[in-house]
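Coordinate inspection notes
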Amino acid sequence: MTDLGKVDRAFFDEYIYPNLGADRDDVAIGPTHGVDFGLLELGEYAVSIATDPVSLLPGLGFDRAGRFALDFVLADVAVSGLAPSHLAISFTLPPEMSDEEFAAVWRSMHEEAEELGVSVVTGHTARYAGCSFPWVGGATALGVGDPSDVVRPDGARVGDDVLVTKGPAVEATGLLTNLYPDQFDLPAETLEAAQSRLDEAECVRDAMTASAAGEVHAMHDATECGVFGALNEVADGACVRFDVSLEEVPVRPGVRETCEYLGIDPWAATTGGTLVLTVAPEDTDAIVSALEAEGTPVGVAGRVSEGSGVYADGERIDHPDVDPSWEAYDELARRADGE
C-alpha cells in the first residue's frame, strides 16, 4: 500500500475485493482496481455509480473550490457514457468554516450541477471536531440511461484508435501553481499559463461530447498516476496492447516547465480533466472534430492491437503505481507552513 493517494492493486486485491457483501444479479460492474464506476442493470435502465471524496481547497477561493470539487465527483460517472444525473453528498466540515464560506461552496456547486442537469437528491451536512481541509466529506454520483449507451471500462477493441485529450499533468500543474504561486521561480508568463490549466481540469462535458459524436468503446479519466496510469488501466482491462506516440499527445502550456521545476514526471502525475479514449477508427475524425469545436485539444495517439501492455514510441511503459504529484504537494505544503 502506498503512503499517499489511492491504495495500490495489492492492497485492493487482498483486503477489498474478497469482501464485497452480498452477490446480486443486478450488479453488472462491481468494485475493480483502476475502474472509475460501478454499474447496475435494472430492466430497461442502466445506472452508473461512482463515489469519491469531497476535496475543498480554500486557497482556490471557495467559489472555485466548490466547482472543482463537484467536477471531480461527477467525472467518474461521465466516463461511463451516461450523463451524470443525480448526486448524494455528505459534508463533514471543519468547525472553523463559516456559514458564508460554505454558502459560496454550495452556490457554486448548485450552479454547476444545474448547468449539467444534475439533481441533488440527498445529503448530510455537519461540522465535526477533528475535520480539516481539504478532505471534508464524500459524494456519490449516478447516471441513469439506456444500457446500450454504456461505455464499458474493458471495452477497448483491437483496431481502435487511442485518443488523449489535453495531455499530461493538467490538474497537477494548475492546482499546485494556484495553491503555492510564491514557491515557483518561473517567468511570469509561464506561471500564468500554468495556473490557467486548472480551468481545464474538468472532463464531464468532454465525455458527453465524445460519446454523442461517435462510437466510443472505452473511456477513462486520467487522475492518479496520470496518462501512463490511465493507458495501462484501459489496456489491461481489455487485455489488449496499446502502441502510442507521445508526440501526438497535446501538452498544454506551462506543464513541462512546472513539472521540470518540481522534478516530477508529467506523464505519471495526476491530470483530472484529461481523457484516454479508444474509438472506432471510422468515427475518429468526427469525435476529434466535436471535441475541438468545444475548445478541447485532442491527439490521435495510437492504435489498439492484440497482445498486452502499453508501448510509447516503441518502449514498454508500466503503470507508475505511485503518483509523484502527491509528494510534490506535500513538500510545497510543508514549505508554506515554514517546516
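An unreviewed UniProt entry lists the chain under the name Hydrogenase expression protein, with Halopelagius longus given as the organism. In its Sequence similarities (unreviewed entry) section, the UniProt record describing the chain reads: "Belongs to the HypE family."

Take the sheet that holds strand β2 (residues 38-42) next. Pairing in this open sheet of six strands is mixed, and the strands run β1-β2-β3-β6-β4-β5 from one edge to the other. Each edge of the open sheet carries a strand with a single partner, namely β1 (27-29) and β5 (119-127). The mean inter-strand angle of the sheet, taken between neighbouring strand axes irrespective of direction, is 20°. Summarising the sheet, β2 and strand β3 (residues 45-55) pair through five bridges and their orientation is antiparallel. Bridging across to β3, G38 finds its partner in I49. Across the sheet, helix α2 (residues 62-78) is in contact with β3, β4 (86-93) and β6 (135-145); its angle to β3 comes to roughly 145°.

Before going further, it helps to examine the state of the cysteines. This structure, assessed with the given rule, holds zero disulfides. Looking at the unpaired C203, the closest cysteine sulfur is the one in C225, lying at 17 Å. What makes C203 buried here is its relative accessible area of 1%.

One pass over the full model with this rule turns up 17 salt bridges. One connected set of salt bridges, linked through shared partners, spans R67, E112, E115, E202 and R205.

Here we take up the packing of aromatic side chains. Tallied over the full model, the rule gives ten aromatic pairs. Ring geometry for F11 and Y15: centres 4.8 Å apart, planes at 45°, overall tilted. Here the residue F11 and the residue Y15 both occupy positions in helix α1 (residues 9-16), the gap between them amounting to four residues, near one helical turn. The exposure class of F11 is partly exposed, given its relative accessible area of 23%. On the basis of relative accessibility, which here comes to 47%, the residue Y15 falls in the partly exposed class. Connected via pairs of aromatic rings, a cluster forms that spans F91, F102 and W106. Directly above the ring of Y311 sits R241, whose terminal nitrogen or CZ lies 3.8 Å from the centroid.

So, on to the pairing of β6. Here β3 pairs with β6 via nine bridges, running antiparallel. Its bridge partner being in β6, T51 is matched across the sheet by T140. As judged from the six bridges shared by β4 and β6, these two strands associate in the antiparallel manner. Across the sheet, residue I89 finds its bridge partner in β6, namely A139.

Here the focus is the sheet that holds strand β7 (residues 161-165). Spatial strand order, β8-β10-β7-β11-β9-β12-β13: seven strands in an open sheet with mixed pairing. Lying at the two open borders of the sheet, with one neighbouring strand each, are β8 (216-221) and β13 (315-317). Each strand of the sheet is rotated relative to its neighbour by a mean of 25°, with strand direction disregarded. The pairing of strand β9 (residues 241-244) with strand β12 (residues 309-312) spans four bridges and is classified as parallel. What sits directly across from R241, in β12, is G309.

With respect to the helices and strands, the residue T258 is situated in helix α8 (residues 255-262). When neighbours within four sequence positions are excluded, T258 is seen to be in contact with T173, T177, F184, L186 and A194.

On to a negative patch on the surface. The grouping of E247, E248, D313 and E315 at the surface amounts to a negative patch. Note that D313 resides in the loop between β12 and β13. You can call D313 exposed: its relative accessible area is 52%.

A word on the pairing of β8. Along β8, six of the six residues are buried, which leaves the element largely enclosed by surrounding structure. Where β8 meets strand β10 (residues 275-279), five bridges bridge the pair, whose relative direction is antiparallel. Each residue of the ladder has a partner; that of V216, found in β10, is V279.

All right, on to the packing of helix α4 (residues 170-179) against helix α5 (residues 188-196) then. Interhelical geometry of α4 versus α5 gives an angle of 120° and a closest axis separation of 6 Å. Helix-helix and strand crossings are classified by hand; for α4 and α5 the assignment is left-handed. Residues T173, G174, T177 and N178 of α4 touch α5, and the partners they reach there are L191, A194 and Q195. The residue inventory of the contact of α4 with α5, partitioned by class, reads two nonpolar, five polar and no charged.

Reading the values: the criteria
Starting afresh in each chain, residues are numbered from 1 along the sequence in its written order. At least 70 in pLDDT is required for a residue's local features to be given in this predicted model, at least 80 for side-chain atom pairs to be given and counted, and no such filter applies to totals for whole chains, interfaces and linings, which use all residues. Only hydrogens and water are set aside; all other atoms, that is, all heavy atoms of the structure, feed into the side-chain values. UniProt positions are given in the numbering used here, feature names are shortened, and annotations may be inferred rather than shown by experiment. For two strands to be treated as a pair, DSSP must find no fewer than two bridges joining them. Put simply, DSSP H or I for four residues or longer makes a helix, DSSP E for two residues or longer makes a strand, and each gets a number counted from the N terminus. Note on geometry: axes are lines fitted to C-alpha atoms, helical ones only across the stretch in contact, with angles between N-to-C directions running from 0 to 180 degrees. Contacts between residues were defined by any pair of non-hydrogen atoms, one from each residue, lying within 4.5 Å. When two cysteine sulfur atoms are found within 2.5 Å, that pair is recorded as a disulfide. The buried label goes to any residue with under 20% of its type's maximum accessible area, the exposed label to any with over 50%, and the partly exposed label to all in between, with areas taken from a 1.4 Å probe on protein chains only. Within this document, salt bridges are pairs made up of a side-chain nitrogen of Lys or Arg and a carboxyl oxygen of Asp or Glu, the two lying within 4 Å of each other. A pair of Phe, Tyr and Trp rings is counted when the ring centres sit within 6.5 Å of each other, with Trp represented by its six-membered ring. The angle between the planes then sorts it: under 30 degrees is stacked, over 60 is edge-to-face, the rest tilted. Geometrically, a charge over a ring is one whose NZ (Lys) or CZ (Arg) sits within 6 Å of the ring centre while staying within 35 degrees of the ring normal. Within the patch definition used here, like charges are joined within 9 Å and nonpolar side chains (Val, Leu, Ile, Met, Phe, Trp, Tyr) within 5 Å, considering only residues with over 30% relative accessible area and no salt bridge. For accessible areas, the Shrake-Rupley method is used with a probe of radius 1.4 Å. Any residue's cover is judged against the shown protein chains and nothing else. Under the counting rule used here, the positive set is Lys and Arg, the negative set is Asp and Glu, and His together with the chain ends is not counted. Where a charge lies is defined by one atom per residue type: Lys uses NZ, Arg uses CZ, Asp uses CG and Glu uses CD. Each crossing gets its handedness from the near helix: less than a right angle anticlockwise from the far helix is left-handed, clockwise is right-handed. For this classification, Asp, Glu, Lys and Arg are treated as charged, while Ala, Val, Leu, Ile, Met, Phe, Trp, Tyr, Cys and Pro are nonpolar and the rest, including Gly, are polar.

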